[in-house]
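Observations on the three-dimensional arrangement
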Amino acid sequence: MEINERIKYIGVEDRTTDLFEGQYPVPDGITYNSYFIDGEKTAVMDTVAEGFEEIWLENLKKASGGRAPDYLIVQHMEPDHSSGITALMETFPETVIVSNAKSFPMMKQFFGEDYPDRRIAVGDGDSLDLGSCRLEFITAPMVHWPEVTLAYDSTDGVLFSADAFGRFGISEQDGEWDGEAARYYFGIVGKFGSQVKKLLDRVAGLNVTAICPLHGPVLKKDIGHYTGLYGKWASYQPENDGIFIAYTSVYGNTKKAAELLGKSLEEKGRMVISADLSRCDMSQAVSNAFRCGTLVLATTTYNGDIFPPMREFISALKERGFRNRRAAFVENGTWAPRSAKVMEEMLSGCPGMEFARTKVTLMSALTDASEAAAEALAQELCGAPGDEN
Ligand code: FEO
């Protein structure tokens, strides 16, 4: 695939991994993107995951016409796209690695070699002249590792964005980017919103015509759509005014309360997403919580605490800097319900939270009183945050 007359895609598709990074389901697979740049001098932008080196080197051979690359640029040392370094350096003994100085100790740790005589360390503002084009380097610490260094081809406006703007999945149909890109972002990069914001401020000053990430499709149209979404995500603002109901249920009664609440909210015209935290993909639930303006948590009191998948969920939100949302609670308990208190305490340290006044308490199962409380909560959530209705 040609990105432009100088840049060719030489990445690979992984349809076999079940869990990316050992925790994110990838039912539509994942790509490990790599690019060949021919600017008279030639460069390869990043490599691939372990097990894909052979097919990737074949792709490189086709793209380069068999020429040895002058440079291997390593934007990020995580093994999902650095595991081909050894194969390339052994295949092409003249190739020089260009990377952040922090990458080389990591390279030694992962692969036992850091190429002291075949490397160039680059930092923010450095550039690499390839002849007919020039790459400018932009460091982006913690997007998503400390050594991340993006490259911008200022001749054609192509931004090699490392993990930023990455997406799970192989298919490239229009309209599919947002959901899987959000799940990727909030799972993998979401903790580092302020660093992503800094990067976006830098990118805003560039004339970007294409974004080439390390996962997912190359983005050539509507660049403002992608940078706009990233801006919202990085500043922890909700993407929509939907209501995400995340529940757990031991005997089905908390689920009934969650469904009752969801039905009432939908009848009032609100967009509702619901998920059973014991069964759903946790990374999808985390993404939904960050994308929606309101979060409803419904769970059982359990061992004096809350049901374990709910604790895991709230911890995952906090770990990623959850904030600026309205939250409401539905609790269940047969002899001493206290899960609403525990959940509110867990979220109270998150900045900019507003908690609904109405709490719904079930003593084992729904009753007229708890159904009325669920309706009162639905009405409260249909008002604007802070409404005294
Ligand atoms: Fe795609 Fe941070 O690894």
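Right, let's walk through the structure included here. Being a predicted model, the structure only gives us computed values, none of them experimental.

1. Things to note about the sheet that holds strand β8 (residues 71-74)
In a beta sheet, neighbouring strands are held together by backbone hydrogen bonds and run either parallel or antiparallel to one another. Reading across from one edge, β1-β6-β7-β8-β9-β10 is the order of the six strands in this open sheet, with mixed pairing throughout. Pairing within the sheet leaves two strands with one partner each, and these edge strands are β1 (7-9) and β10 (119-121). Taking each pair of neighbouring strands and ignoring which way they run, the sheet shows an average axis angle of 20°. Alignment of strand β7 (residues 41-45) against β8, held across three bridges, turns out to be parallel. Looking across to β8, one finds that Ala43 is bridged to Tyr71. With respect to the sheet, helix α1 (residues 53-64) is in contact with β1, β6 (35-39) and β7, its orientation differing from that of β6 by roughly 25°. Taken strand by strand, helix α3 (residues 103-111) contacts β9 (96-99) and β10, and its axis lies near 120° from that of β9.

2. Details of the packing of aromatic side chains
One pass over the structure, following the stated rule, counts 24 aromatic pairs. A ring pair is formed by Phe110 and Phe111, whose centres lie 5.9 Å apart and whose planes are at 35°; its orientation type is tilted. With a relative accessible area of 26%, Phe111 lands in the partly exposed category. Ring geometry for Phe244 and Phe313: centres 6.3 Å apart, planes at 75°, overall edge-to-face. On the criterion of sequence distance, the pair formed by Phe244 in strand β16 (residues 240-247) and Phe313 in helix α9 (residues 308-319) is long-range, its members being 69 residues apart. For the pair Phe244 and Phe313, one class covers both residues: buried. Through a chain of ring-to-ring contacts, three or more aromatic side chains come together here, namely Phe165, Trp177, Tyr185, Phe186, Tyr226, Tyr230, Trp233, Tyr236, Phe290 and Phe322. For the cation-ring pair, Arg119 lies above Phe104, with the distance from its terminal atom to the ring centre recorded as 4.5 Å. The cationic tip of Arg323 hangs over the ring face of Tyr236; the distance from NZ or CZ to the ring centre is 4.2 Å.

3. Overview of the environment of Phe52
The topology assignment puts Phe52 in the loop between β7 and α1. Separated by 74 residues in sequence, Phe52 and Asp126 have C-alpha atoms that sit 31 Å apart. Each residue touching Phe52, except ones within four places of it in the same chain, is listed here: Val12, Glu13, Asp14 and Tyr32.

4. Some remarks on helix α6 (residues 223-234)
Here α6 spans 16 Å end to end across 12 residues, near enough to the 16 Å set by a 1.5 Å rise per residue. Every buried residue of α6 is listed here: Ile223, Tyr226, Leu229, Tyr230, Gly231, Trp233 and Ala234. The secondary structure elements touched by the buried residues of α6 are α4 (177-189), α5 (193-204) and β15 (210-212). Directly beyond the C-terminal end of α6, a positive phi value near 60° is found at Tyr236.

5. Quick word on the pairing of β9
Bridge analysis of β8 against β9 gives four bridges, and the strand direction is parallel. The residue bridging Val74 from the neighbouring strand is Ser99, located in β9. Between the parallel pair β8 and β9, the chain is carried across by helix α2 (residues 85-91), and the sense of this crossover is right-handed. Direction of pairing for β9 relative to β10: parallel, over a ladder of three bridges. Its bridge partner being in β10, Val98 is matched across the sheet by Ile120.

6. Points about α3
Within α3, the full set of buried residues consists of Ser103, Phe104, Met106 and Met107. Buried residues of α3, viewed axially, fall in a sector of 155°; they line one side. Contact partners of the buried residues in α3: α2, β9 and β10. Just downstream of α3, Gly112 is the residue with a positive phi angle, here 80°.

7. Here we look at unusual backbone geometry
Omega for the peptide link from Val143 to His144 comes to 25°, which places this bond in the cis form. Tracing the chain through its elements places His144 in the loop between β12 (134-139) and β13 (149-153). Not every positive phi belongs to a glycine, and Glu40 is a case in point at roughly 90°. With respect to the element layout, Glu40 can be found in the loop between β6 and β7. The class for Glu40 is exposed, based on a relative accessible area of 61%. A positive phi angle, close to 80°, is found at Ser364, a residue other than glycine.

Criteria and cut-off values
- Residues numbered from 1 in each chain as written.
- Predicted model: local features only at pLDDT ≥ 70, side-chain atom pairs only at ≥ 80, totals over all residues.
- Heavy atoms only, no water.
- Pairing = 2+ DSSP bridges.
- Helix = DSSP H or I, 4+ residues; strand = E, 2+ residues; numbered from the N terminus.
- Axes fitted to C-alpha atoms, helices over the stretch in contact; angles between N-to-C directions.
- Contact = heavy atoms within 4.5 Å.
- Phe/Tyr/Trp six-rings, centres within 6.5 Å; stacked < 30°, edge-to-face > 60°.
- Buried < 20%, exposed > 50% of the residue type's maximum accessible area, 1.4 Å probe, protein only.
- Lys NZ or Arg CZ within 6 Å of the ring centre and 35° of its normal.
- Expected span 1.5 Å × (residues − 1).
- Right-handed = clockwise from strand over helix to strand, strands pointing away.
- Arc of directions from axis to C-beta.

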